[in-house]
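Single-letter residue listing:
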Amino acid sequence: MKITRLKTWQVPPRWLFLKIETDAGVYGWGEPVIEGRAATVEAAVHELSDYLVGQDPHRIEHLWNVMYRAGFYRGGPILMSAIAGIDQALWDLKGRDLGVPVHQLLGGPVRDRMRMYAWTGGDRPDDVGAGARALVEQGFTAFKMNGTPELQIVDSHRKVDEAVARVAEARDAVGPDVGIGIDFHGRVHRPMAKALLRELEPFHPMFVEEPVAPEHLPCLKQIAGGLGYPLATGERLHTRFQFRDLLADGMIDIVQPDLSHCGGISEGLKIAALASAHDVALAPHCPLGPLTLATSLHVDAVCHNAFIQEQSMGIHYNKDNDVLDYLVDKSALAIEDGFCAIPQGPGLGVEIDEAFVEERAKVGHRWRNPVWQHEDGSVAEW
């Protein structure tokens, strides 16, 4: 069997889908994308196709290393996202060819279903109490909210008080037993994170995510020691080597690699194993589409330290189309009572409606994240 073609489609709301085809008629799907840079990742996928066409798709680890090492320059969000989607598609293809789900190729599942969480509150968090109650009524036992809108590097304590009040509103709405993830989204600089992280302790967060931007993670040793709740990060780290250095610092309790940004299943498993060796939990980042979600569930299935899974159904970014729209069988990723069953179909266990993909690709997208400004006109972290 040889790879013959890589086909890509940019589809709403902000995703890129990939299909790898072979001369045997077997195929696999993946989702190589960076939010806001879909066209750039798409170009990288087609550049990498030079290494893939004519090759045996079953040699996944070898092809991964060729894509990563043969170009000399490596790493970073664009190249690792391109590799990630290709890697997903190769695993999907292999599972389809052998008639087994990907998790069986990885040693078999350690769990039957995965606890899930949903989003509420929007980019600039608002009405979080009502949103949180609605999610709990749907069966979710955990949710995530943005912690704050934009903050200056040094801002007023009023902004801290407002952020704390929103978390208090959410906690009051759902009671003590529901998990609350609070995403700082890299918006909070060291001087303000130093205060805000402490002020949130009485509300017992499930975790605080991206407490500072990834380039400033070393400062956590100075500002976050002794916190009584977990810290999480990882969506903007793209290789096991970045996670190795992060874990060596000992300041993170939950790693959140994105399986469409960190080199796919092949690299994601190595990151999960590194985390496990440090007794650190796994909670893959996934505000993306159905193929990233299915991929995440297969990794969750075989990683004992995985404890919860993000998903984007109903998230504020999903205009025009949502996660399940592109599936032939929407029950494959159905969430019931806050859990999603591990997919059991061959490959990734989801069947993409290619005709619908073709139709929506005619609309396409040019999604960009908002560009925010502070009152003085300087650009703010989103």
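What you are looking at is a predicted structure, and each value in this text was computed from that prediction instead of being measured.

Engineer: How do you make sense of the domain arrangement of the protein when you look at a structure like this?
Structural biologist: Where the parts come together, the accessible area they lose is often given as the size of the interface. According to the domain assignment, the protein contains domain 1 (3-100) and domain 2 (104-347). Between domain 1 and domain 2, the C-alpha centre-to-centre distance is 25 Å. If you look at the interface, domain 1 gives 33 residues, while domain 2 gives 37 residues. With both sides pooled, the region where domain 1 packs onto domain 2 buries about 2,700 Å², and carbon together with sulfur makes up 63% of that total. At the surface where domain 1 touches domain 2, the tally comes to one salt bridge. Summed over the shared surface of domain 1 and domain 2, the result is 19 residue pairs in polar contact (both at pLDDT 80 or more). Sorting the residues of the side of domain 1 that touches domain 2 by element identifies β2 (15-22), β3 (27-30), α2 (60-69) and α3 (77-98) as the ones contributing at least two each. Here the side of domain 1 that touches domain 2 gets 13 residues from one element, more than from any other, and that element is α3. Here the side of domain 1 that touches domain 2 is composed, by residue class, of 18 nonpolar, seven polar and eight charged.

Engineer: I keep staring at the sheet that holds strand β1 (residues 3-11) and nothing clicks. Help me out?
Structural biologist: What holds strands together in a sheet is hydrogen bonding between their backbones, with the strands either parallel or antiparallel. Pairing is antiparallel in the open sheet, where three strands are placed in the order β1-β2-β3. Looking at which strands have only one partner, the edges of the open sheet turn out to be β1 and β3. Strand-to-strand twist in this sheet, taken as the mean axis angle between neighbours without regard to direction, amounts to 15°. Where β2 lies against β3, four bridges are found, and the strand directions are antiparallel. Across the sheet, K19 pairs through a bridge with W29, a residue of β3.

Engineer: Where do I start with the pairing of strand β6 (residues 179-183) in this structure?
Structural biologist: One face of the sheet, then the other: side chains in a regular strand alternate in exactly this way. Burial within β6 is extensive, with five of its five residues counted as buried. Alternating positions in β6 separate into two faces, G179, G181 and D183 on one and I180 and I182 on the other, with burial throughout. Note that strand β5 (residues 142-146) and β6 share five bridges and pair parallel. Its bridge partner lying in β6, F143 is registered against I180. For the crossover that starts at β5, traverses helix α6 (residues 157-174) and ends in the parallel β6, the hand is right-handed. Alignment of β6 against strand β7 (residues 207-209), held across three bridges, turns out to be parallel. By the bridge assignment for β7, G181 is matched with F207. Since β6 and β7 lie parallel, the crossover through helix α7 (residues 190-199) that links them has a hand, and here it is right-handed.

Engineer: Help me understand the UniProt feature "domain: Mandelate racemase/muconate lactonizing enzyme C-terminal" (unreviewed entry) in the protein, please; the structure alone is not making it clear to me.
Structural biologist: Feature annotation in UniProt assigns "domain: Mandelate racemase/muconate lactonizing enzyme C-terminal" (unreviewed entry) to the following positions: residues 125-230. When the span residues 125-230 is considered, its composition is 40% helix and 12% strand, and the gap between its end C-alpha atoms is 21 Å.

Engineer: Can you walk me through α3 in this structure?
Structural biologist: Owing to its 3.6 residues per turn, the α-helix aligns residues three or four sequence positions apart on the same side. The terminal C-alpha atoms of α3 lie 31 Å apart, and with 22 residues this matches the ideal 32 Å at 1.5 Å per residue to within 8%. Summarising burial for α3: 16 of the 22 residues are buried, a large majority. Just past α3, the residue G99 takes up positive phi, approximately 75°.

Engineer: So what exactly am I meant to see when it comes to the pattern of salt bridges here?
Structural biologist: If the charged atoms of two oppositely charged side chains come close together, the side chains can form a pair. Tallying each qualifying case throughout the model produces 18 salt bridges. Notably, a salt bridge pairs R96 with E351, separated by 2.9 Å at the nearest N-O pair. Of this pair, R96 sits in helix α3 while E351 is found in the loop between β13 (339-341) and α12 (354-361), placing the two residues 255 residues apart along the sequence. Taking the relative accessible area as the measure of exposure, R96 reaches 17% and is therefore buried. Judged by relative accessible area, E351 falls into the partly exposed class, the value being 32%. Overlapping salt bridges bring together R5, K7, K19, E21 and E354 as one network.

Analysis parameters
- Residues numbered from 1 in each chain as written.
- Predicted model: local features only at pLDDT ≥ 70, side-chain atom pairs only at ≥ 80, totals over all residues.
- Heavy atoms only, no water.
- Domains from an automatic or database assignment.
- Contact = heavy atoms within 4.5 Å.
- Buried area = accessible area lost by both parts, 1.4 Å probe.
- Salt bridge = Lys/Arg side-chain N within 4 Å of Asp/Glu carboxyl O.
- Polar contact = N/O pair within 3.5 Å; in protein donor to acceptor, adjacent residues only side chain to side chain.
- Helix = DSSP H or I, 4+ residues; strand = E, 2+ residues; numbered from the N terminus.
- Nonpolar A, V, L, I, M, F, W, Y, C, P; charged D, E, K, R; others polar.
- Pairing = 2+ DSSP bridges.
- Axes fitted to C-alpha atoms, helices over the stretch in contact; angles between N-to-C directions.
- Buried < 20%, exposed > 50% of the residue type's maximum accessible area, 1.4 Å probe, protein only.
- Right-handed = clockwise from strand over helix to strand, strands pointing away.
- UniProt positions renumbered as here; feature names shortened; annotations may be inferred.
- Expected span 1.5 Å × (residues − 1).

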